[in-house]
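# Structure at a glance
Below are the chains, spelled out letter by letter.
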Amino acid sequence: MKIAVLPGDGIGPEIMAQAVKVLQRLVRDGLKFELEYAPIGGAGFDACGDPLPEATLKLARQADAVLLGAVGGYRYDKLPRQQRPERGLLRIRKELGVFANLRPALVYAELAHATTLKPEVVAGLDIMILRELTGDIYFGEPRGRRTNAKGEREGFDTMLYSESEIRRIARVGFDIARKRHRKLCSVDKANVLETSQLWREVVSEVGKEYPDIALSHMYVDNAAMQLVRNPKQFDVILTGNLFGDILSDQASMLTGSIGMLPSASLDERSKGLFEPIHGSAPDIAGKNIANPLATILSAAMMLRYTCNLEETAQRIEQAVKKVLAKGLRTADIFQEGTRKVGTEEMGDAVVDAL
Ligand code: IPM
Ligand code: MG
């Protein structure tokens, strides 16, 4: 397996170092990885003036999988859009065609009290948000800025989905539901948006091929409300790029910390890009306090989805559970009675548990 390792910015390099430690530990058990590093985001801009340097994209295309840290930093906030770190991330997703973004939200028993909600609302929660990742208002054209007839500045974007884009993500959603509890809730804003009306129509059509899956539809505003009211009603949530971005951050807080949540972004052949769902957290970068578990768990998702190593993926997930059960916590999930550890120590503990 050749893995492109793109640590990125902020806490990216620190958390990635821990995931790499975990992969290296597995090498001792006979797995073969070739890791190759490349810059992305602000680091790409610093190295080559481009948040997605040519060489990085080339490496990502050649690799069997891409493991990514996070991008973004204050220093880059004033750059023009094309050069901003986020642009590098959006481009690599688009260029690799990783349209299916799996964002599991799982509440570990040990962390049920870390949530800001009532523990009983989230205890045992296990939902999968499937976010379409390469379409929607993120990429729709035209977009831009202009001056209107009144001499006022205007900004505009285009929300757009084609039938084929909706159909392929819907299929992934139904397939995932089939391996879980056979419930799929498609989230849209079909009471207002044309895009969403087509979305609902196409998802329903695909649903006819999956009579064993209970399909429901929900408006996104209601979904946001239901996610905090009674999140356990959901199994798989299928939604577009923008709604998925928002709902997955919200769902992360059900689990106590966004620092715990991994993600997988897959193309048609399940090759993928794996990254924590949190950002680069420049405010805590370099302090050895960031939670590396989301990145470590992203590496586990890589082993599951791209390498077909389900058992090894589970071994990592079990190791993370063990470390939590032992009471080790980074600052974001710390609570009275547990032991606060830094990024490095958390990574080492997972390696030990393995
Ligand atoms: C995410 C992030 C990105 C997105 C940003 C950094 C461009 O919020 O992965 O959820 O909006 O997709
Ligand atoms: Mg987001």
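Criteria and cut-off values
- Residues numbered from 1 in each chain as written.
- Chains lettered and ligands numbered in written order.
- Predicted model: local features only at pLDDT ≥ 70, side-chain atom pairs only at ≥ 80, totals over all residues.
- Heavy atoms only, no water.
- 1 Å grid on protein atoms, 1.4 Å probe; cavity = no way out; pocket = protein on both sides within 12 Å on 5 of 7 lines; lining within 4 Å.
- Points joined across faces, edges and corners; volume = space filled by probe spheres on them.
- Helix = DSSP H or I, 4+ residues; strand = E, 2+ residues; numbered from the N terminus.
- Nonpolar A, V, L, I, M, F, W, Y, C, P; charged D, E, K, R; others polar.
- Buried < 20%, exposed > 50% of the residue type's maximum accessible area, 1.4 Å probe, protein only.
- Contact = heavy atoms within 4.5 Å.
- Pairing = 2+ DSSP bridges.
- Domains from an automatic or database assignment.
- Salt bridge = Lys/Arg side-chain N within 4 Å of Asp/Glu carboxyl O.
- Polar contact = N/O pair within 3.5 Å; in protein donor to acceptor, adjacent residues only side chain to side chain.
- Axes fitted to C-alpha atoms, helices over the stretch in contact; angles between N-to-C directions.

### What to know about empty space enclosed by the protein
- Scanning the entire structure with this criterion turns up 1 cavity of 30 Å³ or more.
- What the largest cavity holds in volume is close to 70 Å³.
- Lining the largest cavity, in full, are Asp 136, Met 159, Tyr 161, Val 187, Asp 188, Thr 195, Ser 196, Trp 199, Thr 239, Gly 240 and Phe 243.
- Listing elements by their share of the lining of the largest cavity, those giving two or more residues are strand 8 (183-188) and helix 7 (194-207).
- Here the element with the most residues in the lining of the largest cavity is helix 7; it accounts for 3 residues.
- Tallied by class, residues from the lining of the largest cavity come to 5 nonpolar, 4 polar and 2 charged.

### Examining the environment of Tyr 108
- On the secondary structure map, Tyr 108 appears in the loop between strand 4 (100-106) and helix 5 (119-122).
- Look at Tyr 108 and you get buried, because its relative accessible area is 7%.
- The spacing of Tyr 108 and Val 122 is 14 residues in sequence and 9.7 Å in space, taken between C-alpha atoms.
- Tyr 108 has contacts with Met 260, Leu 297, Val 320, Lys 321 and Leu 324, leaving out every residue within four places of it along the chain.

### Describing the pairing of strand 7 (residues 153-156)
- Looking at chain direction, strand 6 (residues 144-147) and strand 7 are connected through 4 bridges and run antiparallel. Pairing of Arg 146 across the sheet is with Glu 154, part of strand 7.
- Counted along the chain from strand 6 to the antiparallel partner strand 7, the turn is 5 residues long, and its residue Gly 151 has a positive phi close to 80°.

### Re the domain arrangement of the chain
- We note that the domain assignment places domain 1 (1-99 + 267-354) and domain 2 (106-257) within the chain.
- When each unit is reduced to the centre of its C-alpha atoms, the spacing between domain 1 and domain 2 is 24 Å.
- On the domain 2 side, the residues contacting the 19 residues of domain 1 number 19 residues.
- Taken together, domain 1 and domain 2 are joined by 1 salt bridge.
- Between Arg 168 and Glu 268 there is a salt bridge; the shortest N-O distance is 3.2 Å.
- Counting across the interface, domain 1 meets domain 2 through 5 residue pairs in polar contact (both at pLDDT 80 or more).
- The element contributing the most residues to the side of domain 1 that touches domain 2 is helix 11 (residues 310-325), with 4 residues.
- Split into classes, the residues belonging to the side of domain 1 that touches domain 2 amount to 10 nonpolar, 2 polar and 7 charged.

### Concerning the sheet that holds strand 10 (residues 236-239)
- Read across the sheet, 10 strands follow the order 2-1-3-12-11-4-5-10-8-9 without closing on themselves; strand pairing throughout is mixed. At either end of the open sheet lies a strand with only one pairing partner, and these are strand 2 (34-37) and strand 9 (214-219). On average, adjacent strands in this sheet sit at an angle of 20° to one another, irrespective of strand direction.
- Bridge count for strand 1 (residues 2-8) against strand 3 (residues 65-70) is 5 bridges, and the pairing is parallel. Bridge pairing in strand 3 places Leu 6 opposite Leu 68.
- Against the sheet, helix 3 (residues 54-62) touches strand 1, strand 2 and strand 3, its axis set at about 140° to strand 1.

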